[in-house]
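Examining the three-dimensional arrangement
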Amino acid sequence: MRIFPTIAELCARLGNERAVAFVPTMGNLHEGHLNLVRMAREHGDCVVASIFVNPLQFGPSEDFDKYPRTLEVDCAKLEGLVDVVFAPSVNEMYPAQQTIFIELPPVANELCGAARPGHFRGMATVVLKLLNIVQPQVALFGKKDCQQLHLIRQLVAQLNLPVRVIGGETVRAADGLALSSRNQYLSATERSEAIFLYQMLQGMKLGILQGERDFERLRQQAVEALETRGWLVDYVAIRNQPDLQPVSPARDDLTQRELVILAAARLGNTRLLDNVEVCLD
Ligand code: PAF
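Read on for a plain summary of the structure.

**Brief notes about the site of the ligand**
- As a matter of local geometry, the ligand sits amid P24, T25, M26, Q57, M123, V126, V127, F141 and Q148.
- Taking Q57, its side chain carries an N or O atom lying 2.7 Å from an oxygen atom of the ligand.
- Q148 places a polar side-chain atom, nitrogen or oxygen, 2.7 Å from an oxygen atom of the ligand.
- In the complex, the protein chains occlude 89% of the 290 Å² of accessible area that the ligand would expose alone.
- Going through the elements one at a time, β2 (20-25) and α6 (119-134) are the ones with two or more residues in the shell around the ligand.
- A per-element tally of the shell around the ligand places α6 first, with 3 residues.

This is the structure in structure tokens:
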């Protein structure tokens, strides 16, 4: 495994590689990332992971400064799993002020985009830069960040990028909590409460599978349940897959339909995010 901090060195190494599978990350790697990296091996002769905490996707009051940077430990975890680690500095990725950004569809301003203005614009811009630099045949992203994955699929399709995007299943702790680099911000008490987000989503899924079609009531009950337990809710939403558009049982035919239930909520200072897929057939 080789670690490259510069674009020039990375490109020199990747020059002759034809089948590159790429896993972009912000580091502080957990089993969710490692799962993507293992999947990547099935799709490329050369597996590349990037580690870059992208300032463009953090708002001014967000955790860019305190986001865990654990390059040495991350590289130890990647040893034997990837061929190349690309770990550029901010200056390497943004040698001059970035004044060109990706303009995203309106869904980018909903859900996580409503609570984090500009987040997806910064995310999409760095993902496009990374794809242009690495030029992979396949790129892998986690399904936990469902809205991010949707927007990346749109970016790739609408800009005709020559890369196949693959989503990896969310990896969970034994109690069901979705693995996330931000879980480590949780206190012990918050950590035991954190599993309620997934339990709540599972409860909503069960309700829908058992025939509940008053989605607004289901959604409001979930928000109330979270708030009663001390969560600060950004959103709970039931959306169509794969377009993430709102779903209305009164209007839409809900047979043979893929839905996704998404939620983001804060426990103390930690914002947690999760989703579950629901297949109606
Ligand atoms: O999901 C992440 O870790 C980041 O948003 C990504 C895709 C690496 C872009 O910075």
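**Here's the deal with unusual backbone geometry**
- Between Q241 and the following residue, P242, the backbone shows a cis peptide bond with an omega angle of 0°.
- Of note, N28 is a non-glycine position whose phi angle comes to about 50°, a positive value.
- Residue position: N28 is located in the loop between β2 and α2 (31-41).
- On the basis of relative accessible area, N28 is assigned to the buried category, the value being 10%.
- The phi dihedral of L244 falls on the positive side, at around 60°, and the residue is not glycine.
- Looking at the secondary structure, you find L244 in the loop between β7 (232-240) and β8 (257-267).
- The exposure class of L244 is buried, given its relative accessible area of 0%.

**Some thoughts on the pattern of salt bridges**
- Counted under the stated rule, the structure contains 16 salt bridges.
- Ionic pairing is found between R266 and D234, a salt bridge with its closest N-O pair at 3.3 Å. A residue pair is termed long-range when its members are at least 10 positions apart, and R266 in strand β8 and D234 in strand β7 qualify at 32 residues.
- The exposure class of R266 is partly exposed, given its relative accessible area of 27%.
- Accessibility expressed as a relative area gives 28% for D234, which makes it partly exposed.
- A single salt-bridge network, built from bridges that share partners, covers K143, E169 and E277.

**Notes on the side chain of T125**
- Within the fold, T125 resides in helix α6.
- In terms of polar contacts, T125 uses its side chain to reach the backbone carbonyl oxygen of R121, at 2.6 Å.
- Excluding anything up to four places from it in sequence, T125 contacts L56, Q98, I100, F101 and I102.

**Observations regarding the pairing of strand β5 (residues 138-142)**
- Taking burial as the measure, the 5 residues of β5 include 4 buried ones, the bulk of the element.
- Direction of pairing for β2 relative to β5: parallel, over a ladder of 2 bridges. Paired with A21 across the bridge in β5 is V138.
- Bridge count between β5 and strand β6 (residues 164-168): 5 bridges; the pairing is parallel. Looking at the pairing, V138 lines up with R164 of β6.
- For the segment spanning β5, helix α7 (residues 146-158) and β6, crossover handedness is right-handed.

**With respect to the state of the cysteines**
- Scanning all chains against the criterion turns up 0 disulfides.
- Lacking any disulfide linkage, C46 is separated from the closest cysteine sulfur, that of C11, by 12 Å.
- Unpaired in this structure, C75 has its nearest cysteine sulfur neighbour in C46, at a distance of 15 Å.
- The class of C75 is buried, set by a relative accessible area of 7%.

What counts as what
- Residues numbered from 1 in each chain as written.
- Predicted model: local features only at pLDDT ≥ 70, side-chain atom pairs only at ≥ 80, totals over all residues.
- Heavy atoms only, no water.
- Near = heavy atom within 4 Å.
- Polar contact = N/O pair within 3.5 Å; in protein donor to acceptor, adjacent residues only side chain to side chain.
- Areas by Shrake-Rupley, 256 points an atom, 1.4 Å probe, with all protein chains shown as cover.
- Helix = DSSP H or I, 4+ residues; strand = E, 2+ residues; numbered from the N terminus.
- Buried < 20%, exposed > 50% of the residue type's maximum accessible area, 1.4 Å probe, protein only.
- Salt bridge = Lys/Arg side-chain N within 4 Å of Asp/Glu carboxyl O.
- Contact = heavy atoms within 4.5 Å.
- Pairing = 2+ DSSP bridges.
- Right-handed = clockwise from strand over helix to strand, strands pointing away.
- Disulfide = S-S within 2.5 Å.

What is shown is where atoms sit, not what they do.
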